[in-house]
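# Observations on the model geometry
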Amino acid sequence: MTEAKKLYIKTYGCQMNVYDSERMAEALGGSGYVETQSPDDADMILLNTCHIREKAAEKVYSELGRFRTLKQDKPDLKIGVAGCVAQAEGEEIMRRQPLVDLVVGPQSYHRLPQLEAKAREGKKALDTDFPVDDKFDTLRHRPKAKRGPTAFLTVQEGCDKFCAFCVVPYTRGAEVSRPATRIVEEAQDLVERGVREITLLGQNVNAYHGAGPNGGDWSLARLIWALNDIDGLERIRFTTSHPNDMSDDLIAAHGECEKLMPYLHLPVQSGSDHILKRMNRSHTAESYLRVIEKIRAARPDILLSGDFIVGFPEESEADFQATLDLIEEVEYGYAYSFKYSTRPGTPAAERAQVDEDVKSERLQRLQALITRQQRKIQDAMVGRTVKVLFEKPGRLPGQMVGKSDYLHAVHVTDSSVQAAEIASVEIIESGTNSLGGRIVAR
Ligand code: 5AD
Ligand code: SF4
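Residues numbered from 1 in each chain as written. Chains lettered and ligands numbered in written order. Predicted model: local features only at pLDDT ≥ 70, side-chain atom pairs only at ≥ 80, totals over all residues. Heavy atoms only, no water.

### A look at unusual backbone geometry
Rule in force here: Labels follow the DSSP assignment, with helices taken as runs of H or I lasting at least four residues and strands as runs of E lasting at least two, numbered in each case from the N terminus. Using a 1.4 Å probe on the protein chains alone, a residue whose accessible area is under 20% of its type maximum counts as buried, one over 50% counts as exposed, and one in between counts as partly exposed.
Cis peptide bonds are those with omega within 30 degrees of zero, and the linkage from T239 to T240 qualifies with 10 degrees. Relative to the helices and strands, T240 resides in the loop between β13 (235-239) and α11 (248-256). Unusually for a residue other than glycine, S282 sits at a positive phi of about 50 degrees. Position of S282 among the secondary structure elements: in the loop between α12 (273-278) and α13 (285-298). For S282, a relative accessible area of 58% gives the class exposed. Of note, the phi angle at A420 is positive, near 80 degrees, even though the residue is not glycine. Structurally, A420 is set in the loop between β19 (409-413) and β20 (422-430).

Structure, rendered in structure tokens:
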């Protein structure tokens, strides 16, 4: 028997890249690769990259440079770039960094086995097509290995919304939904392998409209209801959503569907109508707030999170203040905030840019507000009893950590708790990054 080749994958960026990396490892499993946690003993290194903000590509080039000595010591080592930088830069990557043997985009990685074989022949292998064949059809048969209690599952990819700052419509392509039956099958398979919580992924996941089993399209809500029927699956989440696609059936599911967790990531980006218009967001601050109101009417305890961009071109102090006002009104449990980053080829790149100092100062103010809100919501959990899905041992002896229904990290010190167990936990303390609790019921 020949010894297995070793594959090291480094993942940057979003949860979909985490999912894609898993699928890439499985695809190369068929070519005799097993995963390793260290680049030093790898026969193949894959960087699964992100292009959402500036310097992402630069980071990839500097990381690649670090593999030079490795490749000198081991000429058979193959180096590949996958993901959104691969899609955006294509062949340019091999020109700039001749160490690279293989470049593969997010829609063509099911062809990795062929690309790997080509690279093994000493040829450069490149595939950044948007093929008509569905990569997940080719990758249908997943290995049966046991896995941890949580998993991601891509249900929708790409985006047709063209926000003026965003590269996603160019790197991930047009919006495509996977057929509902395939998703249900994949979820069942994950559950058989030990998964208890599934997070459905899509760049515009709530725009999901996949083919149903008997013709006609299913909405995300309909898909969630179908997944709700899978025995052994205990929790369903989805990310990331657009405010305009929060349909009534999805909002209702938040109130009625038992396994759908009370957490929603609903990015708004800005609280200024002028900026929202310039961002091509096709919603206003007011319409966003009305959606939140409806969601809270359906599920009063839902924990909300959002994404914010500060310093978008033309953003005035008053525009920024409108964002702070919106945050004050919503009260977020989590938020991800970014300085606007110029992306060549997107409409906003051509406009008058805000000074870097102004961006930094606004980001600080916004993050201070968010931290206060986050802290307040987290502290208010003390004294409450919440369900926790335990995932792994914590840093301290006898400690186990997991996530509450609201996605708060929770730790308990109780050596009888097993990974993958769901227990009721009374929250007794609120720390910087997690809540501490004690088990009250199994
Ligand atoms: N600059 C800064 N942040 C961006 N995002 C997307 N594009 C940019 C950009 N050019 C942020 C948005 C989005 C999140 C995934 O990344 O807030 O919701
Ligand atoms: Fe990018 Fe806007 Fe599409 Fe989200 S909705 S992926 S921010 S273009």
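### Brief notes about the sheet that holds strand β16 (residues 334-339)
Two modes of strand pairing occur in sheets, parallel and antiparallel, and in both the strands are linked by backbone hydrogen bonds. Selection rule: Pairing between strands is defined by DSSP: at least two bridges between them are needed. For helices, the fitted line uses only the C-alpha atoms of the stretch in contact; every axis is such a line through C-alpha atoms, and the angle between N-to-C directions lies from 0 to 180 degrees. Should any heavy atoms of two residues lie within 4.5 Å, those residues are counted as being in contact.
As summarised here, the arrangement of the three strands in space is β14-β15-β16, forming an open sheet in which the pairing is parallel. Since the sheet does not close on itself, it has two edges, and those belong to β14 (263-265) and β16, each with one partner. Neighbouring strand axes in the sheet, compared pairwise and without regard to direction, differ in orientation by 10 degrees on average. Where β14 and strand β15 (residues 303-310) come together, three bridges link them in parallel fashion. Bridging across to β15, H265 finds its partner in S305. Those strands touched by helix α15 (residues 356-379) are β15 and β16, and its axis lies near 175 degrees from that of β16.

### A word on the nonpolar core
Which entries qualify depends on this criterion: Only buried residues count toward a nonpolar core, which is a set of Ala, Val, Leu, Ile, Met, Phe, Trp, Tyr and Cys residues joined through side-chain atoms within 4.5 Å. Domain start and stop positions are those given by an automatic or database domain assignment.
One finds L200, L223 and Y332 to be the most contacted residues of the largest nonpolar core, which totals 90 residues. Domain assignment of the residues forming this core places at least three in each of domain 1 (5-127) and domain 2 (135-379). With near-sequence residues (within four places) excluded, L223 lies in contact with V155, A180, I183, V184, L200, Y208 and W218. Y8, F67, V81 and V103 belong to the second largest nonpolar core, which has 21 residues in total.

### A look at the site of ligand 1
Our working definition: To be near a molecule or strand, a residue needs just one of its heavy atoms within 4 Å of it. What qualifies as a polar contact is a pair of N or O atoms within 3.5 Å, subject to a donor-acceptor requirement within protein and to the restriction that residues adjacent in sequence count only when both atoms come from side chains. Surface exposure here means Shrake-Rupley accessible area, sampled with a 1.4 Å probe, where a residue is shielded only by the protein chains that are shown. Only Asp, Glu, Lys and Arg are considered charged, only Ala, Val, Leu, Ile, Met, Phe, Trp, Tyr, Cys and Pro nonpolar, and every remaining residue, Gly among them, polar.
In the region of ligand 1, the neighbouring residues are I52, R53, F165, Q269, D307, I309, F338, K339, Y340, S341 and R343. Within the side chain of R53, one N or O atom sits 2.9 Å away from an oxygen atom of ligand 1. When ligand 1 sits alone it has 400 Å² of accessible area, and the protein chains cover 86% of it. Those elements giving two or more residues to the shell around ligand 1 turn out to be β15 and β16. Taken together, the residues of the shell around ligand 1 break down into five nonpolar, two polar and four charged.

### A closer look at the domain arrangement of the protein chain
As assigned here, the protein chain comprises domain 1 (5-127), domain 2 (135-379) and domain 3 (385-441). The C-alpha centroid of domain 3 is placed 36 Å from the C-alpha centroid of domain 1.

### Here's the deal with the site of ligand 2
Taken together, the neighbourhood of ligand 2 is formed by C159, K161, F162, C163, F165, C166, V168, P169, N204, H242 and R281. When its residues are assigned to classes, the shell around ligand 2 shows seven nonpolar, two polar and two charged.

### Considerations on the packing of helix α10 (residues 220-228) against α11
To be explicit about the condition: Should an angle fall under 35 degrees it is taken as roughly parallel, and over 145 as roughly antiparallel, whereas 65 to 115 is taken as roughly perpendicular and any remaining angle as oblique.
The N-to-C vectors of α10 and α11 enclose an angle of 30 degrees; their axes lie 8 Å apart at closest approach. With respect to α11, the element α10 is oriented roughly parallel. Contacts between α10 and α11 involve L220, A221, I224 and W225 on the former and, on the latter, D249, L250, A253 and E256. Of the residues that constitute the contact of α10 with α11, the class distribution is six nonpolar, no polar and two charged.

### Section: the sheet that holds strand β17 (residues 385-393)
Sheet architecture is closed into a barrel: five strands sit in the order β17-β18-β19-β21-β20, paired in mixed fashion. Sheet twist, expressed as the mean angle between neighbouring strand axes with direction ignored, is 55 degrees. Pairing analysis gives five bridges linking β17 to β20, with the strands arranged antiparallel. Residue pairing for β20: T385 is matched across the bridge by E426.

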